[in-house]
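# Fold and geometry: a report
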Amino acid sequence: MRRIALLSLLIATCAQAAPAVVPAGKLPDDVTPQHYALHLTIDPRRDRFDGEAKIQVKLAQKTDRVWLHAQQIAIATTRVTGADGKPVDAQAITHGDSGVLEVRFAHVLAPQQVELSFVYDAPFNRQLEGVYKVKVGDDAYAVTQMEPVSARFAFPGFDEPRFKVPFDLKLTVPKEDVAVANTRQLREEPSADAQWKTLTFATTRPLPTYLVAFAVGPWDVAEAAPIPANEVRKTALPLRAFGPRGSKAKLAWALEVAPPIVKFYEDYTAQPYPFDKLDLLGAPDFAAGAMENAGLIIYRDAYLLTDAHSAADHYRSVFNIEAHEIAHQWYGDLVTVPWWDDIWLNESYATWGQAKGTAALRPEYHADLEALERRLYAMASDSLLSTRKVRQPIEGRGDIETAFDGITYQKGAAVLAMFERWVGEDAFRKGMREYLASHAFGSGSSNDLIASLTKASGKGEAFAKGMRSFLDQPGVPLVHSELACESGKATLTLEQSRYLPYGVLAKDEPRWGVPVCTRFGRGGASDSECFLLEGRKQSFDVAGACPDWYLPNADARGYYRFDLAAADLAKLGAAAARLSSPEQVVYADAIDSAFRRGTLPASAVLDAMPALASAPMPQVATALLDRYQWIREHLADAATQPVLDAWVTRLYAPRLQQLGFHRRDKEPGTDTALRTRIAEFLAMVVRDPATRAELAKQGRAALGLDGAGKPDLTRADADLLVTALKVAVQDGGKDTFDAAQRAFEANRDTTQRYALLAGLGATRDAALAERARDYGLGASVQIGEMSRLYEAQIAEPENRAAMWQWLMKNFDAYRVRLPAFAQAYLPKTFDYGRCGSAAADEMSGFLAPRVKDLIGGERGLGQTLEGIRQCGALRGHVDRKALAEWSAAHSL
């Protein structure tokens, strides 16, 4: 018996002492936070901040340790208090740079609730994560960005979305600074020396760590009238906006449009705005466009501030981003995903909701067309074999960061819109309301949502199966359709496969449940009918007489591409003017995608352009310009390129002359957008001398080089400013470059700084381009501003070889300035103009050994290389002789 007891003791001791495996993904389920109390002391003028974090934690079973998260945090003291109020001996152990913190107890604790308390300090983050600071002149600001996994840089905690609990927050800040957080401020207490103040904020509703937010600095504050109570929300909602010093007047537009946006979502969801206030804050530097923190939405200030000199597109962007972020207060904040593989529920729904809200409140913005263009962009990525699923398994931080892409945002939103079109808006809204009500202030998964929508749809399991087919497998369906008429009755035969560009072969044959809604034209009228394509090939009877033409994507709401017989495509082209603008865009995409598959010649793309070019909507008129640019760069030669450029200039220059080079008073936004697109295309791609001369004149005036004195960027048309500065710098040489650099360094308006950096980056002079590249790594350029310079530079073919050599020399210096989410896109930034296996091999040779240092770099490089090789395959397939014959027939 003594031997058995001794053996049992040895086994228990060894088990307790055995090293535990550090969690690499999700934390264990048996330890859950219940409440946080945070007290941070923040002075943005310093290099570090101090913090105290107390976390109430429930131990579901006996344990000798707790796993949580903390990164780059120096913990001075760790205290553990048991349920009996007595201290528990414990130590905090960090595990390298994993971001995982272990609190190890001196003995095994029984199941109970304990308090973990940490006193610590940490540096302000240098890559716009966690708590970071921004300097603007003599002013310093502290801002937070916790999503997706950066709260661990700010405080120890359980940094996963499933852990939603209340937070209590206190901030001690310099007495002269303004501080704001998720909830209303309750009180303010001055320090004994009157140099500091401590602000206490109301307890939050249950939140995940990634939605905790605060900001400190010399903010301007604009307080609007509270948003009135309504049938859904019974109390008024406080509304404010914050911006950097001197920006108060520029916050008016954001405050004006917020109340109707809030009311729209309240009416749609039948759920009141979930939090105790709505604050909008524009930060001088920010990694993303904006962040939907509960009650405190933080933006790049360029995406929040407007004035009388702002571009029309800027006003539209501010509205759209605000509609997106406010939508998140329901889709993501009220109901939160349990894990990052379901992040599409947040982002897809906010993207879909933004389009609905914008269409209802600002129909002149044509949200359907904007959403469609973004959807087609996502389809380009989804046409790669290496693309990911909407619901992609998450195995590490790289998977988390790269989940915030066009597949999550645009594809997910397009799938929602497609199934909404199929079941009807009323049924879809009913399902959405049930989902939000059932999971309010908790978590909801894809399965939860699909169950609610399926119940409301009336379509049964076909709905659930169809949605899952788009969420759980990658790729874009290609629907091949054939129409047969016999005895006045029509039969539509549909066949599905995966859309892939020329030369790409898939190993599998995926199947989707595709709601194919088809428009049929008969005489001067048309109607639509929907068919659910579930098998590889199915035939359907069409209601009514045989149509004159048909479009297998009515209202352009389907997330698929279609392929028609040549005769049917010709009939559709002849009827294109009868289509709605979104349908005209998907008609253009059918031509473009067929060319990319290698089934249509380049001449078919070019021949389709004139009918589209005359359309009033900019998205239609310019629908094939990207493909024209590809043909121009990769197929045309010294003989055909001038002919192509002269032809396309004849096509578009008269439209630009008609529109003029300045926005007219009260002109339609479509005219403004069309002017901007055509002017940029003619000036930067075709390099039309007449267009460039007009723009260079505006750019020089903006820089004060026309004798007007100091720079004043409002002298240029606001919507053409970026292109005007690019042309002025390209044509003006060193003096103009220097003037733009001086203007940039003196300017504190982020939007204008973006424009000036684009101008500097666009220079084609070899020495000036080298100066610009080096300048982008210096302290004068904020981290969030860098991309404007480098993207403008590599867009110019003359710069690409030198820029690649520069990257190879400066890779580490460039990499360390990239925010976490941007690192995966480094290869894509440098792929401009690369086409073919040799170009891919060159990139791979340098970057493949280094992608381990980029968060999400493996996926980013793999997709970039695949795209480069696809380009080469198509280039080798297209008949250049036919292009030469087309050019000869269209030369003057």
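Right above here is the structure, for reference.
Residues numbered from 1 in each chain as written. Predicted model: local features only at pLDDT ≥ 70, side-chain atom pairs only at ≥ 80, totals over all residues. Heavy atoms only, no water.

## Observations concerning the sheet that holds strand E3 (residues 63-69)
Filter applied, for reference: Criterion used throughout: strands pair if DSSP finds at least two bridges between them. Going along the chain from the N terminus, every DSSP run of H or I of four or more residues is numbered as a helix, and every run of E of two or more is numbered as a strand. Lines fitted to the C-alpha atoms define the axes, with helices restricted to the stretch that makes contact. Angles between their N-to-C directions range from 0 to 180 degrees.
Read from one edge to the other, the open sheet built from 3 strands follows the order E3-E7-E6, with strand pairing classed as antiparallel. Sheet topology places E3 and strand E6 (90-94) at the edges, where each strand pairs with a single neighbour. Adjacent strand axes in the sheet meet at a mean angle of 20°, parallel and antiparallel pairs treated alike. Note that E3 and strand E7 (residues 100-109) share 6 bridges and pair antiparallel. Pairing of His69 across the sheet is with Val100, part of E7.

## Side note on the packing of aromatic side chains
The cut-off we apply is this: Classification of ring pairs rests on two measures: the distance between centres of Phe, Tyr or Trp rings, Trp counted by its six-membered ring, which must be within 6.5 Å, and the angle between planes, read as stacked under 30 degrees, edge-to-face over 60 and tilted in between. Put simply, a charge is over a ring when the Lys NZ or the Arg CZ is close to the ring centre, within 6 Å, and near the line of the ring normal, within 35 degrees.
Scanning the entire structure with this criterion turns up 40 aromatic pairs. Among the aromatic residues, those joined into a cluster by ring pairs are Phe264, Tyr265, Tyr268, Tyr273, Phe275, Trp330, Tyr331, Trp344, Tyr349, Trp352, Phe428 and Phe441. Its guanidinium or amino end placed over the ring of Phe744, Arg753 lies 4.1 Å from that ring's centre, counting from NZ or CZ.

## Observations regarding the nonpolar core
What counts, and what does not: Among the buried residues, those of types Ala, Val, Leu, Ile, Met, Phe, Trp, Tyr and Cys that are joined through side-chain atoms within 4.5 Å form a nonpolar core. Think of it in three bands: with a 1.4 Å probe and only protein chains considered, a residue is buried below 20% of the maximum accessible area for its type, exposed above 50%, and partly exposed in between. Only heavy atoms enter the contact rule, under which two residues are in contact if any of them lie within 4.5 Å.
Ile42, Phe155, Phe158, Leu171, Leu278 and Tyr349 are the most contacted members of the largest nonpolar core, which has 232 residues in total. When near neighbours in sequence (up to four residues on either side) are disregarded, Leu278 contacts Leu237, Pro238, Leu239, Arg240, Ala258, Val262, Tyr273, Gly295, Ile297 and Ile326. By size, the runner-up hydrophobic cluster in this structure holds 42 residues, among which are Leu725, Val781, Leu807 and Leu865.

## Looking at the packing of helix H2 (residues 252-269) against helix H8 (residues 425-439)
The following threshold applies: Here is the rule for angles: anything less than 35 degrees is roughly parallel, anything more than 145 is roughly antiparallel, 65 through 115 is roughly perpendicular, and the remaining ranges are oblique. By the convention adopted, Pro, Cys, Tyr, Trp, Phe, Met, Ile, Leu, Val and Ala count as nonpolar, Lys, Arg, Asp and Glu as charged, and the other residues, Gly among them, as polar.
Where H2 contacts H8, the two axes come as close as 9 Å, and the packing angle between them is 95°. Here H2 lies roughly perpendicular to H8, going by the angle between them. On H8, the residues touching Asp267, Tyr268 and Thr269 of H2 are Phe428, Arg429, Met432, Arg433 and Leu436. Of the residues that constitute the contact of H2 with H8, the class distribution is 4 nonpolar, 1 polar and 3 charged.

## Description of the pairing of strand E1 (residues 31-41)
Sheet topology note: the E1/strand E2 (residues 48-59) ladder contains 10 bridges and is antiparallel. Its bridge partner lying in E2, His35 is registered against Gln56. In this antiparallel pair of consecutive strands, E1 and E2, the connection spans 6 residues. Relative to strand E11 (residues 167-174), E1 runs parallel, the two being bridged by 6 bridges. Opposite Tyr36, over in E11, you have Phe167 as the bridge partner.

## Quick word on the state of the cysteines
Short version of the rule: The disulfide criterion used throughout: a pair of cysteine sulfur atoms within 2.5 Å.
By the definition in use, this model includes 3 disulfides. Between Cys485 and Cys546 runs a disulfide, and the two sulfur atoms are separated by 2.4 Å. Across the disulfide from Cys485 to Cys546, rotation about the S-S bond amounts to roughly -140°, and the bridge is consequently left-handed. Residue Cys485 is located in strand E23 (residues 477-486), and its partner Cys546 is located in the loop between strand E27 (537-545) and strand E28 (549-551); the two are separated by 61 residues in the primary sequence. Exposure remark for Cys485: the relative accessible area of 44% places this residue in the partly exposed category. Judged by its relative accessible area of 22%, Cys546 is partly exposed. Each sulfur of the disulfide joining Cys835 and Cys871 lies 2.0 Å from the other. Across the disulfide from Cys835 to Cys871, rotation about the S-S bond amounts to roughly -100°, and the bridge is consequently left-handed. Of this pair, Cys835 sits in the loop between helix H24 (826-829) and helix H25 (837-847) while Cys871 sits in helix H26 (residues 857-877), placing them 36 residues apart in sequence. Accessibility expressed as a relative area gives 10% for Cys871, which makes it buried.

## Description of helix H12 (residues 581-597)
Heads up, the condition is: Expected helix span is given by 1.5 Å per residue-to-residue step, counting one fewer step than there are residues.
If you check H12, its first and last C-alpha atoms are 24 Å apart, about what 17 residues at 1.5 Å a residue would give, namely 24 Å. Judged by how many residues are buried, H12 sits mostly within the fold: 15 of 17 residues are covered. Positive backbone phi, approximately 85°, marks Gly598, located one or two places after H12.

## Side note on the sheet that holds E1
Reading across from one edge, E5-E4-E8-E2-E1-E11-E14-E13 is the order of the 8 strands in this open sheet, with mixed pairing throughout. Edge positions in the sheet fall to strand E5 (87-88) and strand E13 (185-190), since each of these pairs with one other strand and no more. By the bridge criterion, 2 bridges tie strand E4 (residues 74-81) to E5 in an arrangement that is antiparallel. Bridging from a neighbouring strand, Thr81 pairs with Pro87 of E5.

## Structural notes on H2
The condition that has to hold: The bend reported for a residue corresponds to the angle between axes fitted to the seven residues ending at that residue and the seven starting there.
Helix length check: H2, at 18 residues, gives a terminal C-alpha distance of 27 Å against a target of 26 Å (1.5 Å per residue), a fit within 8%. Considering bend angle alone, the principal kink of H2 is centred on Ala258 and spans about 30°; proline Pro259 follows within four residues of it. When we look at burial in H2, the residues that qualify are Trp253, Ala254, Leu255, Val257, Ala258, Ile261, Val262, Phe264, Tyr265, Glu266, Tyr268 and Thr269. Backbone geometry just downstream of H2 places Ala270 in the positive-phi region, at approximately 60°.

## Re the pattern of salt bridges
Formally: The working definition used for a salt bridge is a side-chain nitrogen of Lys or Arg within 4 Å of a carboxyl oxygen of Asp or Glu.
Taken as a whole and judged by the stated rule, the model has 61 salt bridges. Close ionic contact of Asp159 with Arg152 constitutes a salt bridge, the shortest N to O distance being 3.0 Å. Considered together, Asp159 and Arg152 belong to a single accessibility category, that of buried residues. Between Asp738 and Lys734 there is a salt bridge whose closest N-O contact spans 2.7 Å. With Asp738 and Lys734 both in helix H19 (residues 721-746) and 4 residues apart, this pair spans about one turn of that helix. Its relative accessible area of 15% is what places Asp738 among the buried residues. Among the ionic contacts, a cluster of salt bridges with common partners joins Asp43, Arg45, Arg46, Glu176 and Asp177.

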